[in-house]
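# Summary of the model geometry
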Amino acid sequence: MTNILIELSRYLIIIAIAVYTYKGFAIFRFTKEEDKNTVLRVQNQLMFAIHFMAYLILFLTTGKLDIIIVYFAQVIFLSAVIALYRVIYPKASRLIINHMCMLLAISFIILTRLSYTKAIKQFRIVIISMFITLFIPYIIKKLRFLDKLGYVYAGIGIGLLGLVAIAGSTSYGAKLSFNFGGISLQPSEFIKITFVFCIAALFSKSQELKQVIIVTALAAVHVLILVASKDLGGALIFFITYTFMLYVATREYLYLTGGLLSGTIAALIGYKLFSHVRVRVIAWKDPFQVIEKEGYQISQSLFAIGTGSWFGMGLYQGIPDTIPVVDQDFIFAAIVEEMGAIFGICLILICVSLFIMFINIAMQAKDTFYSLVALGLSLMYGFQVFLTIGGVTKFIPLTGVTLPLVSYGGSSVLSSLIIFAIIQGLYILKQDEDDKVEKIKSDSGRKTRKTSKK
Amino acid sequence: MKKLNQILEERQEKHLKNKKESKNPNNRELSIVVYIFVGLFILLMGYFVYYNIAVSPNIINSSYNKRQDLFAKKVVRGEIISSDGKVLAQTSVSKDGTETREYPYNNMYAHVIGYATKGKAGLESLVNFNLLRSNAPLLERVIKEFRGVKNTGDNVITTLDSKIQETAYDALGSHDGAIVVMEADTGKILAMVSKPDYNPNNIDQLWDSLVAAENTQDSSLLNRATQGKYPPGSTFKILTLLEYIKENPNYKDYTYQCTGKIALEDSVINCYHNTVHGEVDLYHSFAKSCNSSFANIGSNLNINSLAKLCDNFLFNETLPYSMVYNKSSFTLTKDAKTYDVMQTMIGQGETLVSPLHMAMITQTIANNGVMMKPYLVDHTENYDGKTVKKFTPSAYGSIITEEEAMIMQDFMQGVVENGTASKLSGQSYSVAGKTGSAEFGNVKGQSHAWFVGFAPDEDSKIVVSIIVEEAGAGSEYAVPIAKKIFDAYYSNR
C-alpha cells in the first residue's frame, strides 16, 4: 500500500509541476482579471499538492513525526506569504509571488530530503528573510532619493568586497564569506544588489562617454576584486550584468560586442594565468578522464542526472549525497536525480518565466533608474540560473554558483528574496503611476478605457 | 516561447497606444536582451534533453557510477548467457527473497565472467547496468512497481562459445597460463581462459585469501589473458620479420649460416637448445625460429621504424578493449646496446605483452591487415528474448597493408608446414602460426610456451593465442592445445 502511494505520488508530482508550469505561460493569454485569478488559484493548489505529496513520501519513507510538524509549518508559512502580499500589496504581481513560493517549496522538499537539520535551519532563515523583505516594496515606494546615491553604493560594494578579499574565510578555494559566531555571511550576495543600484543610479544621470568611463572603472573594480577572491562565478555574473546594463543604458551595440569580446579575451588570459580556471575547463572537457580528482564532482552530477532520467528515482531512492556540495551548487542535480528530468525542465521554465517577467517590468518602467534597476536584477537572476544549471549539466564549465531560492544558504536566499521584493516594489510603483494617470485623465473629464493589470 | 514574446509585444503595443507618454526609450535594447537570454536558456534546455536521450545511456554505464547498485533493489539481476545458449551466470531467488548469484560452470569462466559481490569484476562489472535494467513489457513493469515486486533484469548474450571455452579450459589442464580465442574477421572473443582460477560461487568465502594473494605471483584474481605481462619470446619474430620485409623488398634473397649461436660485439645469442640450423633463408629462419638468424636480421633494422610499427600495433598504447587489461610495452630505442637489440629482436629483453594483445596482432594478420576491436557482448535482451541492444563488429583500423598481411600469412603457414608447429600439419584444416619459448627471470632454460595462430583457408577463421607458464617449448606444450581448440571448432562445421 505504502509502495503504491509512493510510486503514484512520484508521477503525480511530475504531472502537477508540468500543469503548473504550463499555466504560468498560458496565463498571458487571458485578459480578464477573473480568468487570470482562476489560473493563479489553480497554481496555488498545484503547489500545495506537490508539497503535500512530496512530504507524504518523505514521511512514509523516514517515519519521522517531525516531518509532519515541519510540513504544517511550511503550509502555514506559504499560505501566509500569499495572503500577506494580497493584503498589504494588492497591486503586487501574483504570478511572481506564486513562482517565488513554488521555488521555495521545491527548496524545502529537496533540502528536507538531503538533510533534515539543514532544512530546518534554512526554513528559519527563509521565515526571517521573508519578514524583512515584506517591507521592501513599501520602502521602494517611499524612498525617492535612491537614484541619487550612486557613489554611496559603489563605496559600500567595493569596500565590503575588498574586506572579504582580505579578511574573509576560505571555502572551496574561494574567499567568499565572513564568519562570526557560527553565522557565515557572504557579502557578495548583497553587493549584487548595491552593484545594480550603483550602475543604474549613475547611468540614469548621464550616459556620456566620461560617465561611461567612470562607471566602467567602478564596475571593473568590483569584478577584479571578485577575481582576486577566486569567486569566478560571481565575477562572471557581475561582468555580464554590467555589460548588458551598459548596452541598454547607452543604446550602443558596440559597447555590447566590445564588452563581450574583451570578456572573452579576459577569460582566455585567466585560463592561461590561473590553474583553478584550467582545472574547471579540464573537468568540463572530459570529466571521466579525470574522474578521480578534478572531474569527480561533475561526473557524480552527470551520473545523478543520467540515472534519474525523465521520471527520477523517487525521493530517497537515489544517492545525491555522493555529489559534493549537493545542497548548494549541485541542488539541480539532486532534484533531477530523485524527481526527474521533466521536473528539472519545468524548474528551468519557471525561472525563465520569472526572468521574462522581471525584464518586462524594466520595459514598463517610465523612469530610467527604475528601468535599469529592474534590468540589472533580472540579469543577475537569469544569468545565475543559467550558470548553475548549465554547470551541473556540463553545458558550460562549472562556476560554483547557487540556484536562487532553491539552494541551501542564508545569504543566498536572503539576497534572492530582496531582489524579488525590489522587483515587486517596482511593479507596484508602476501600477500606482498608471492609476494616477488614469485618475488625472478621468478628473479632467476625458473618457479613457480602464486598463489596470495584475 | 515565441508565442509568449508575441503576447508580450502585443501587450506592449496596446500599452503604447493607450499611453504614449509612458514609452520607455530603451525597449528595443531590452527586447534584444530578452532574446539573447531566452536563446541561451533554449540552448540549455535543448542540451539537457539531448543529454538525457543520447549521452547519459553511455555515461551511466560507467563502473564509477555507484547508482547502478540502487537498481538491485528494484530489479533481479539478469543472466549472462553464452552464444550457444548456455547460462553462465544467473540469480536464483529463494522463497524468503534472498538472492544468490550462481555460476553453473564453476571455475571455467571465472575471469571473463567475474563476480558480482565484493566489488565487481569481468563481464559482471562491464554489463552491470544492463543486467540491472529491466526492459520487460512496460505494463508488466508498472504493475510490478506498484505491487512492490522486483522486475526481471535484462539478459546479456556474450560472444563466448561454451564448447571452445570448455575445450580450451580442459586443454590448459593444471598449468598456469592463459588462452584467448577470437574470430579473425569480427573480433568476437569465443573463449578466454586464465589459470590459476577460483570458483566464483564461493567468492565470499574465498575473498580474504584471494585478496591476500592479490599482489603475489600466483594471484588467482588476475586475468592473465588480459592483465598478464609476458615476454613474447619468438612470437615477437612476427614483428621483426614484418619490419625486415618492409625495409627490404628483396627479402627473398636473404640467407644466413646458422652455427647455433651468433656473437656480435662480445654479445652472444644462442638458438633454442643450441640447435644448429645450417644455411637458412628467411622462410626457414622464421619456420625453424632461428634465434641467430633473427639476431642477425635485427642488428641491421631501423629501430625507430620498428618502434613505430610496434606502436601502430598498440604497444605502449591503450587497447580498444573495454575491460581490465594491462598495456603492453616495447621500450627499445636506437641508442640501445647491441645485446639488448639482439635480445629484443627475438622477443626477449624488456618487451612485455598480454595474450589478448598477441591475439589482436595475429588477428590483424589473419584479417588482411585490419585490426578489429575485440568484444565480448553480442547483444542484450529482455527476459522474454526480445533484443534490447545489439553490438556489431567494428574495425580499429588498418595496421599493415593487405600485401604485407598476405606475405606474413605465408610465412606463418611455413611454421606449421616446415617448422616448429608441425604438429598442426596434415589436418582437415590448415593452420598458420608462430611458436615461442619465452625465457623469464634469470634462470636459463626455463620458459613459457607460446603459440599464436589461425586457420587461413577456412571460411570462418579463428585466432588462438596461448601461453603455458613455465612449461618449456611452445612447440611441445602450446601447439597441442591449439590443435585441440582447432579440432573442436572445425570438427562439426
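This one's a predicted model, so the numbers in the text were calculated from it and none came from an experiment. (Residues numbered from 1 in each chain as written. Chains lettered and ligands numbered in written order. Predicted model: local features only at pLDDT ≥ 70, side-chain atom pairs only at ≥ 80, totals over all residues. Heavy atoms only, no water.)

Further remarks concern the overall build of chain B. Helix and strand content of chain B: 18 helices and 19 strands. Computed over C-alpha atoms, the radius of gyration of chain B comes to 29 Å, more than 25% over the 23 Å expected from 2.2 N^0.38 for 493 residues, which places it beyond the range of a compact globule. C-alpha atoms of chain B, sized along the principal axes, occupy 110 × 65 × 45 Å. With 493 residues in all, chain B has 56% of them scored as buried. When contacts within chain B are restricted to residue pairs at least 6 apart in sequence, those whose partners lie at least 24 apart make up 66%. Accessible surface for chain B amounts to roughly 21,000 Å². Of this, 49% is attributable to carbon and sulfur atoms. A gap of 12 Å separates the mean positions of the 49 positive and 54 negative side-chain charges of chain B. (Helix = DSSP H or I, 4+ residues; strand = E, 2+ residues; numbered from the N terminus. Rg over C-alpha atoms; globule rule 2.2 N^0.38 Å. Buried < 20%, exposed > 50% of the residue type's maximum accessible area, 1.4 Å probe, protein only. Contact = heavy atoms within 4.5 Å. Areas by Shrake-Rupley, 256 points an atom, 1.4 Å probe, with all protein chains shown as cover. Lys, Arg positive; Asp, Glu negative; His and termini not counted. Charge placed at Lys NZ, Arg CZ, Asp CG, Glu CD.)

What follows covers the interface of chain B and chain A. At the interface, 51 residues of chain B touch 74 residues of chain A. For the pairing of chain B and chain A, the buried interface totals around 5,900 Å² over both sides, and the portion due to carbon and sulfur atoms is 69%. Per-residue buried area on chain B facing chain A is highest for Phe48, Arg67 and Phe146 of chain B; these three make up 13% of the total on that side. Between the two partners, chain B and chain A, sit 2 salt bridges. Between Arg251 of chain A and Glu29 of chain B there is a salt bridge whose closest N-O contact spans 3.5 Å. Here chain B and chain A share 5 residue pairs in polar contact (both at pLDDT 80 or more) between them. Elements supplying a minimum of two residues to the side of chain B that touches chain A: helix H1 (2-18), helix H2 (27-59) and helix H6 (138-147) of chain B. At 23 residues, the largest contribution of residues to the side of chain B that touches chain A is made by H2 of chain B. Grouping the constituent residues of the side of chain B that touches chain A by class yields 28 nonpolar, 13 polar and 10 charged. (Buried area = accessible area lost by both parts, 1.4 Å probe. Salt bridge = Lys/Arg side-chain N within 4 Å of Asp/Glu carboxyl O. Polar contact = N/O pair within 3.5 Å; in protein donor to acceptor, adjacent residues only side chain to side chain. Nonpolar A, V, L, I, M, F, W, Y, C, P; charged D, E, K, R; others polar.)

Here the focus is the confidence of the model for chain A. All names here are of chain A. Averaged over every residue, the pLDDT of chain A is 86; residues scoring 70 or more account for 94%. By mean pLDDT, strand E1 (residues 169-171) is the weakest element of chain A at 66, and helix H4 (residues 94-114) is the strongest at 94. Segment residues 450-454: pLDDT under 50, and 15 contacts once partners within four positions in sequence are set aside and those in other chains are kept. (pLDDT = per-residue confidence, 0-100.)

Strands pair in a sheet through their backbones, by hydrogen bonds, and they do so in one of two ways: parallel or antiparallel. All names here are of chain B. Taken in spatial order, the 5 strands line up as E8-E7-E19-E18-E17 in an open sheet, and their pairing is antiparallel. Only two strands of the sheet have a single neighbouring strand rather than two, namely strand E8 (189-195) and strand E17 (432-439). Put simply, the sheet's adjacent strands are angled 5° from each other on average, direction ignored. As judged from the 7 bridges shared by strand E7 (residues 177-183) and strand E19 (residues 462-468), these two strands associate in the antiparallel manner. (Pairing = 2+ DSSP bridges. Axes fitted to C-alpha atoms, helices over the stretch in contact; angles between N-to-C directions.)

We now examine the environment of Gly97 of chain B. Along the chain, Gly97 of chain B turns up in the loop between strand E3 (87-93) and strand E4 (99-102). Along the backbone, Gly97 of chain B and Lys150 of chain B are 53 residues apart, and their C-alpha atoms lie at a distance of 10.0 Å.

Now for the sheet that holds strand E2 (residues 80-81) of chain B. All names here are of chain B. Overall, mixed pairing links the 6 strands, which are arranged E4-E3-E2-E6-E14-E15 in an open sheet. One side of each edge strand has no neighbouring strand; the edge strands of this open sheet are E4 and strand E15 (387-390). Bridge analysis of strand E14 (residues 377-381) against E15 gives 3 bridges, and the strand direction is antiparallel. If you follow Thr380 over to E15, its bridge partner there is Lys389.

Another aspect to go through is the side chain of Thr399 of chain A. Of note, Thr399 of chain A is situated in the loop between helix H16 (368-392) and helix H17 (410-443). Not counting the four nearest positions on each side in its chain, Thr399 of chain A is found in contact with Gly233, Leu236, Arg280 and Leu387 of chain A.

What follows is about a nonpolar patch on the surface. Residues and elements named next belong to chain A. Together, Ile128, Phe131, Ile132, Phe135, Tyr138 and Ile139 make up an exposed nonpolar region whose accessible area comes to about 630 Å². For the nonpolar patch, the secondary-structure elements that each account for two or more residues are helix H5 (116-133) and helix H6 (136-142). Within the secondary structure layout, Ile139 lies in helix H6. (Patch = residues over 30% accessible without salt bridge, like charges linked within 9 Å, V, L, I, M, F, W, Y side chains within 5 Å.)

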